[in-house]
Amino acid sequence: MKRSDLVRSVQVKFGRMRESDAGVILDGLIEELTASVARGDRIEIRGFGRFLPRVRAGKTGVNPRTGKSMKIDAGKTILFRPSVELIKKMN
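Residues numbered from 1 in each chain as written. Predicted model: local features only at pLDDT ≥ 70, side-chain atom pairs only at ≥ 80, totals over all residues. Heavy atoms only, no water.

Next up on the list: the side chain of Gln 11. Structurally, Gln 11 is set in helix 1 (residues 3-13). Not counting residues up to four positions away in its chain, the partners in contact with Gln 11 are Met 17, Arg 18, Glu 19 and Ala 22. (Helix = DSSP H or I, 4+ residues; strand = E, 2+ residues; numbered from the N terminus. Contact = heavy atoms within 4.5 Å.)

Here is the structure:
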């Protein structure tokens, strides 16, 4: 599903909404979710799932081309855990 599909879904759901208004709503939602995760907050959307920020520890890895060991720095990532309802709908 692309952004344009989501915008159309919002338009259909709310009837007479203009495409530009639906796009602004979607952009605002994405911006708020992004800022929240960047702050390290946990996001929970009932019936859909949770977005959890995680910190990956640094480690030593191996370059597959050269076979030499190299240091991999620590970093941040996001973990998504789907809700039970979403899993049931998928199955």
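Two pairing modes exist for strands in a sheet, parallel and antiparallel, and in both the strands are linked by backbone hydrogen bonds. A sheet is described by the order of its strands in space; here three strands give the open sequence 1-2-5, paired in antiparallel fashion. Lying at the two open borders of the sheet, with one neighbouring strand each, are strand 1 (43-45) and strand 5 (75-82). Recorded for the sheet is a direction-independent mean angle of 25° between the axes of neighbouring strands. (Pairing = 2+ DSSP bridges. Axes fitted to C-alpha atoms, helices over the stretch in contact; angles between N-to-C directions.)

In this section: the packing of aromatic side chains. The relation between two aromatic rings is expressed through the spacing of the ring centres and the mutual angle of the planes. Summed over all chains, the structure comprises three aromatic pairs. Relative to Phe 80, the ring of Phe 48 has its centre 5.4 Å away and its plane inclined at 50°; by these criteria the two rings are tilted. Of the two residues, Phe 48 is situated in the loop between strand 1 and strand 2 (49-56) and Phe 80 in strand 5; the sequence distance between them amounts to 32 residues. By relative accessible area, Phe 48 is classed as partly exposed at 36%. Judged by its relative accessible area of 33%, Phe 80 falls in the partly exposed class. When the centroid spacing of 4.9 Å and the interplanar angle of 45° are considered together, the rings of Phe 51 and Phe 80 count as tilted. (Phe/Tyr/Trp six-rings, centres within 6.5 Å; stacked < 30°, edge-to-face > 60°. Buried < 20%, exposed > 50% of the residue type's maximum accessible area, 1.4 Å probe, protein only.)

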